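# Structural overview for review
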Amino acid sequence: MIEANGDVAVVTGGSRGIGKSIAVKLASAGHNIAVVCSKADESLDGTVAEIKALGVSCRAYICDVSDFNQVKDTVKNIASDFESIGILVNNAGITRDGLVLRMKPEDFDAVIAVNLKGTFNFIHEVFPYMMKKRTGRIVNISSVVGVMGNAGQANYSASKAGIIGVTKSCAREFASRGVTVNAVAPGYVETAMTAVLPDKIKEQMLTAIPLGRYGRPEDIANAVGFLCSEQASYITGQVLCVDGGMCM
Ligand code: NAP
């Protein structure tokens, strides 16, 4: 046990973008952090340093969330490095956009494997630790397109709609064990994932946002921070859209 000074919050895809903001938010609330992502890079190093500077313990774990055996080993390592796991945020995600008729089957499978199966994999391995303590918080990052659909994103929308189904089912299964399970559905947030979209699409998106601005990673982190807090102890099975009013 290297940093045994309390519970840890596991944030998948925590190296950059929305996941980084969530990890920093939870660290600011005093939680130790386990950052999970698929590769070691400068962004990961910067995130870990920023979190440690907040005075909590933080460790990075390299793991492909879509690979069940890697997830099993990673969760085992996290649980032995920290006292126990109190929070799980399933945030790791990818896109492989394309119109259905042009979408390669492997692009459909890849997005489902990371976004949806990755969420299942982590819940499957982390829940036993929460069940033992009879307390825990799980927040899954969905998307407004999981609620509304989106042309060119059949694979991604399916994965994000699936996450809502997993969230509600787990909320019902885990409630008697004191574990809440909720989803946050971001709208359009400025990160590496959306930076690659053509300007025309970005402008179209903006006209669909009643609050008149793109989301910031911190907007999503604030909602996740709330759902992980004591104040949210009577909320489970919900999907909170954080989208400037896009989906209402
Ligand atoms: P991002 O900047 O591309 O970051 C994605 C994160 O996921 C990175 O840390 C990445 O790390 C990790 N990741 C990707 N594949 C992985 C894998 N197989 N195993 C482990 N980690 C993996 O994306 P983002 O915009 O912050 O999005 C974060 C989440 O919010 C995603 O679930 C996304 O679908 C959702 N979301 C985003 C928006 C938006 O507008 N940005 C809107 C709605 C929902 P590595 O590169 O090291 O793997």
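Refer to the structure printed above.
Residues numbered from 1 in each chain as written. Predicted model: local features only at pLDDT ≥ 70, side-chain atom pairs only at ≥ 80, totals over all residues. Heavy atoms only, no water.

## Some words on the overall build of the protein chain
Counting its secondary structure elements, the protein chain contains 9 helices and 7 strands. On C-alpha atoms alone, the protein chain measures out to a radius of gyration of 17 Å, which is about the 18 Å that the 2.2 N^0.38 rule sets for 248 residues. Taking the principal axes of its C-alpha atoms as reference, the protein chain extends roughly 50 × 40 × 35 Å. In the protein chain, which comprises 248 residues, the share counted as buried stands at 49%. Expressed as a percentage of contacts within the protein chain between residues at least 6 apart in sequence, the contacts between residues at least 24 apart total 74%. Here the protein chain has roughly 11,700 Å² of accessible surface; of this, 54% comes from carbon and sulfur atoms. When the 24 basic and 24 acidic side-chain charges of the protein chain are each reduced to a single mean position, those positions are 5 Å apart. (Helix = DSSP H or I, 4+ residues; strand = E, 2+ residues; numbered from the N terminus. Rg over C-alpha atoms; globule rule 2.2 N^0.38 Å. Buried < 20%, exposed > 50% of the residue type's maximum accessible area, 1.4 Å probe, protein only. Contact = heavy atoms within 4.5 Å. Areas by Shrake-Rupley, 256 points an atom, 1.4 Å probe, with all protein chains shown as cover. Lys, Arg positive; Asp, Glu negative; His and termini not counted. Charge placed at Lys NZ, Arg CZ, Asp CG, Glu CD.)

## Describing the packing of aromatic side chains
One pass over the full model with this rule turns up 2 aromatic pairs. Summarising the aromatic geometry, the rings of Phe-127 and Phe-174 are spaced 3.6 Å apart at their centres and angled 5° between planes, so their arrangement reads as stacked. Of this pair, Phe-127 sits in helix H4 (residues 105–133) while Phe-174 sits in helix H6 (residues 154–174); the two residues are 47 residues apart in sequence, bridging distant segments of the chain. The burial state of Phe-127 is the same as that of Phe-174; both residues are buried. (Phe/Tyr/Trp six-rings, centres within 6.5 Å; stacked < 30°, edge-to-face > 60°.)

## Topic: unusual backbone geometry
With a phi angle near 60°, Arg-134 is a residue other than glycine that sits in the positive phi range. Here Arg-134 is to be found in the loop between H4 and strand S5 (136–141).

## Some details on the pattern of salt bridges
For the structure on display, the rule yields 4 salt bridges. The closest approach of N and O atoms between Lys-20 and Glu-50, which form a salt bridge, is 3.0 Å. A residue pair is termed long-range when its members are at least 10 positions apart, and Lys-20 in helix H1 (residues 17–28) and Glu-50 in helix H2 (residues 42–52) qualify at 30 residues. The closest approach of N and O atoms between Arg-213 and Asp-219, which form a salt bridge, is 2.9 Å. For Arg-213, a relative accessible area of 35% puts it in the partly exposed group. (Salt bridge = Lys/Arg side-chain N within 4 Å of Asp/Glu carboxyl O.)

## Describing the pairing of strand S2 (residues 32–37)
In terms of residue burial, S2 counts as a mostly covered element, since 6 of its 6 residues are buried. Side chains Asn-32, Ala-34 and Val-36 of S2 all project onto a buried face; the interleaved residues Ile-33, Val-35 and Cys-37 project onto the opposite face, where all are buried too. Across 5 bridges, the pairing between strand S1 (residues 7–12) and S2 is parallel. Each residue of the ladder has a partner; that of Val-8, found in S2, is Asn-32. One crossover worth recording links S1 to the parallel S2 by way of H1, and it is right-handed. Here 5 bridges tie S2 to strand S3 (residues 58–62), and the two strands are oriented parallel to one another. Within S3, the position partnered with Ile-33 by the bridge is Cys-58. (Pairing = 2+ DSSP bridges. Right-handed = clockwise from strand over helix to strand, strands pointing away.)

## Some remarks on the nonpolar core
Membership of the largest hydrophobic core comes to 30 residues, with the highest contact counts inside it found for Ile-22, Leu-26, Ile-33, Ile-51, Val-89, Val-184 and Val-224. At the level of secondary structure, the elements contributing two or more residues to this core comprise S1, H1, S2, H2, strand S4 (84–90), S5 and helix H9 (217–227). For this core, the element with the highest residue contribution is H1, accounting for 6 residues. (Core = buried A, V, L, I, M, F, W, Y, C linked by side-chain atoms within 4.5 Å.)

## Observations concerning the side chain of Asn-115
With respect to the secondary-structure elements, Asn-115 resides in helix H4. Engagement of the side chain of Asn-115 in a polar contact is seen with the backbone nitrogen of Ile-94, the distance being 3.0 Å. Each residue touching Asn-115, except ones within four places of it in the same chain, is listed here: Ala-92, Gly-93, Ile-94, Tyr-156, Ser-159, Lys-160 and Ile-163. (Polar contact = N/O pair within 3.5 Å; in protein donor to acceptor, adjacent residues only side chain to side chain.)

## A look at the site of the ligand
For the ligand, the set of nearby residues contains 30 residues, the closest of which are Ser-38, Lys-39, Tyr-156, Val-189 and Thr-191. Separating a nitrogen atom of the ligand from a side-chain N or O atom of Asp-64 is a distance of 2.9 Å. Within the side chain of Lys-160, a nitrogen or oxygen atom sits 2.9 Å from an oxygen atom of the ligand. Bound to the protein, the ligand loses 95% of the 890 Å² it would expose on its own. Secondary-structure elements contributing two or more residues to the shell around the ligand are H1, H6 and helix H7 (192–195). (Near = heavy atom within 4 Å.)

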